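These are the residues of each chain, in order.
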Amino acid sequence: MSETPVKDDAVVQHLHVHPYGRTNSITGPPLDLYENGYVDPIYQAKAHILNRSIQEIGMGKYQWGLFVVAGFGWFADSAWPSMSGLILAPVVNEFQFNGPFLSLASNIGLFFGGLIWGLGCDIWGRRWSFNLTLLIAGVFGVVAGASSNFVNLAILMSFVGFGVGGNMPVDAAVFLDFVPGSHQYLLTILSIWWCLGQLLASLIAWPLIADYSCSSSTGCDRSDNMGWRYLLFVLGGLTLFLWGIRFFMFSLLESPRFLSGIGKDTSAVDVIHKLAEYNGKLCSLTVEELEAPGKIHGREVLGSPGRRRVLSEGSGFAIDHIRALFATPKMAWSTSLLITVWGVIGLASTLYNNFLPYILTTRGVTFGDGSLYVTYRNQVILSMVGIPAALFAGWAVEVPYVGRKGTLAIAAGLTGTFLLASTTSRTSNELLGWNCGYALFSNVSYMYGVLYAISSEIFPAVHRGTGNCLTSTAKGVFGVMAPVIALYANLSTAVPVYVAGSLLLFAGFVVLLLPYEPRGKVSI
């Protein structure tokens, strides 16, 4: 016996439910990011109901625990890609290869990791991707420390990149799926884990590389050059430890928006009640309430007649998720611009960051203080500078008339400016000073913190993993181009700096063209 369709006004009522009930003094009244203009009003109505329920439960111990374990992904995504730069000088001395090839191998892994894990979390769910990425990175990171030649090291580092590459697309989606709309700014502050990743990697590298590395390629054998191996062993072990905390001590709930999006409304409601119980709260959400929008005129999941109940149960549906991100001209323009910004910033940051220790060393030699000790000491200083920027970014994205777009545009512009200014350095300390300005606004904290946040906030939850996949893939593709450019550029000159700085200035302009501003609005 078929169920009686609900009246249109029931859906309209749900469509106008405020996603979270209180007005924030900074962000103003709570509004839907798409302002009731999303291409699928049934999904939008269900998202409103789930958002309201999560807001009623509030920011509790589950979300704060998720802030920590999701932060492990930011930590790994910062620490491991920087390895290509931190170990480059001693590895080149031992294996005597063309340095950019190591970064190329790592970025190929990052590319495929972002592609597969990002798409996968919209196909098979968030939990598998969330729990496997750190494990893969940790295992191959430890094994990479035992590499006997460059080919082994490059292959193993590409597998590390494959694991690490899935962290950001998945973890951002997971965190935003559970955080109340009033606390979405915390997604930006999550970038503090990114800063801590770079800082800890630099702190570990400083004594190990400085004290256990060959000073030159002449007569450099394994026994005299163990520093980079120790570094990989330590970081790999730490990554496995963080995975253990994430897997054994924190029970990740599946995303309720993902479950509702694939027609499992009962499971979605069950997750909401588990969330409320974990936080010590009560929740009044019922299955009937969540199913009501989908029953209008007898339509089921997502309000599309004839559509299969499960949109994401196989890889054949990946194209549906991609197509949905370009469903309207405004969404297509937004998605295209985000992909462009990610690609441009990915090229600029990879080109500069991966070769920064090498640049500091070679320029330091020119200035007369290019020892490994000074190089890695400077790297620690640069990493420390970025930490307060993450907190400042969390405040800045909520400032009226600035928001996410303004914060990101200013950060990208200032990052590019500091990079270009660094070419005027005549002493090592001057170069360090300009690089400190770069670190303050760069991808280490400020710029990438906002970029990851605004992307995840704009993409609807049912397609968020795919959207993050597309942007991460763009970053990966252009990241692969960076070492290729470095192969033909003279790293002892300012060419990489000029290229990176100019690209960042261009990215700052492109950000201003985005049609959506998430400040003061809740994501669906």
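From a predicted model like this one, the values you see are computed outputs, not experimental measurements. Along each chain, numbering runs from 1 in the same order as the chain's sequence is written. Reporting in this predicted model follows two pLDDT cut-offs: at least 70 for local features of residues, and 80 or more for side-chain atom pairs to be given and counted; totals over whole chains, interfaces and linings ignore these cut-offs and use all residues. As a rule here, side-chain values come from all non-hydrogen atoms in the structure, and water together with hydrogens is ignored.

**Some remarks on the packing of aromatic side chains**
Remark: the centre distance and the inter-plane angle together describe each pair of aromatic rings, the angle taken between the planes. Spelled out, the test is: Only Phe, Tyr and Trp rings are paired, with Trp represented by its six-membered ring, and only when their centres lie within 6.5 Å; those with planes under 30 degrees apart are stacked, over 60 edge-to-face, the remainder tilted. In DSSP terms, a helix is any run of H or I states spanning at least four residues, a strand is any run of E spanning at least two, and both are numbered starting from the N terminus. Only when the NZ of Lys or the CZ of Arg is both within 6 Å of the ring centre and within 35 degrees of the ring normal is a charge said to sit over the ring.
Applying the stated criterion to the full structure yields 21 aromatic pairs. Ring centres of W342 and Y452 lie 4.6 Å apart, and the angle between their planes is 70°; this geometry places the pair in the edge-to-face category. Pair noted here: W342 is in helix 16 (residues 329-353) and Y452 is in helix 22 (residues 446-458), with a separation of 110 residues, a long-range link. A connected cluster of aromatic rings, assembled from ring pairs, spans Y62, F178, F250 and Y278. Sitting above the plane of the Y278 ring, K61 keeps its charged end 5.1 Å from the centroid.

**Concerning helix 5 (residues 100-123)**
Selection criterion: Take the number of residues in a helix, subtract one, and multiply by 1.5 Å to get its expected span. For the exposure calls, accessible area comes from a 1.4 Å probe over protein chains only, and a residue counts as buried if that area is under 20% of its type's maximum, exposed if over 50%, partly exposed in between.
The terminal C-alpha atoms of helix 5 lie 35 Å apart, and with 24 residues this matches the ideal 34 Å at 1.5 Å per residue to within 8%. Counting buried residues in helix 5 gives 19 out of 24 residues, a clear majority hidden from the surface. Remark: G125 follows helix 5 within two positions and exhibits a positive phi of approximately 105°.

**Concerning the side chain of N225**
Short version of the rule: In protein, a polar contact requires one atom able to donate a hydrogen and another able to accept it; more generally it is a pair of N or O atoms within 3.5 Å, and residues adjacent in sequence count only if both atoms are side-chain atoms.
Looking at where N225 falls in the secondary structure, it is placed in the loop between helix 10 (191-211) and helix 11 (227-248). At a separation of 3.0 Å, a polar atom in the side chain of N225 contacts the main-chain amide nitrogen of C214.

**As for the pattern of salt bridges**
Note the threshold: When a carboxyl oxygen of Asp or Glu lies within 4 Å of a side-chain nitrogen of Lys or Arg, that pair is called a salt bridge.
In this structure the tally under the stated criterion is ten salt bridges. The partner of D270 in a salt bridge is K274, with the nearest N and O atoms 3.4 Å apart. Of this pair, D270 and K274 are both found in helix 13 (residues 265-278), four residues apart, which corresponds to roughly one turn of the helix. The exposure class of D270 is partly exposed, given its relative accessible area of 39%. Overall, the relative accessible area of 43% leaves K274 in the partly exposed class. Several salt bridges share partner residues, and in doing so they unite R126, D177, R257 and R464 into one network.

**Quick word on a nonpolar patch on the surface**
Stated formally: What goes into a patch is any residue over 30% in relative accessible area without a salt bridge, connected to like charges within 9 Å or, for nonpolar side chains (Val, Leu, Ile, Met, Phe, Trp, Tyr), within 5 Å. Note on areas: Shrake-Rupley, 1.4 Å probe, and residue coverage restricted to the protein chains presented here.
Taken together, the side chains of I108, F112, I116, W124 and W128 present a nonpolar region at the surface, about 520 Å² in accessible area. Per element, the largest residue contribution to the nonpolar patch is three residues, and it comes from helix 5. Structurally, W124 is set in the loop between helix 5 and helix 6 (126-144). The exposure class assigned to W124 is partly exposed, which follows from its relative accessible area of 41%.

**Thoughts on the environment of G449**
Secondary-structure assignment places G449 in helix 22. Between the C-alpha atom of G449 and that of L391, which follows or precedes it by 58 residues, the distance is 9.9 Å.

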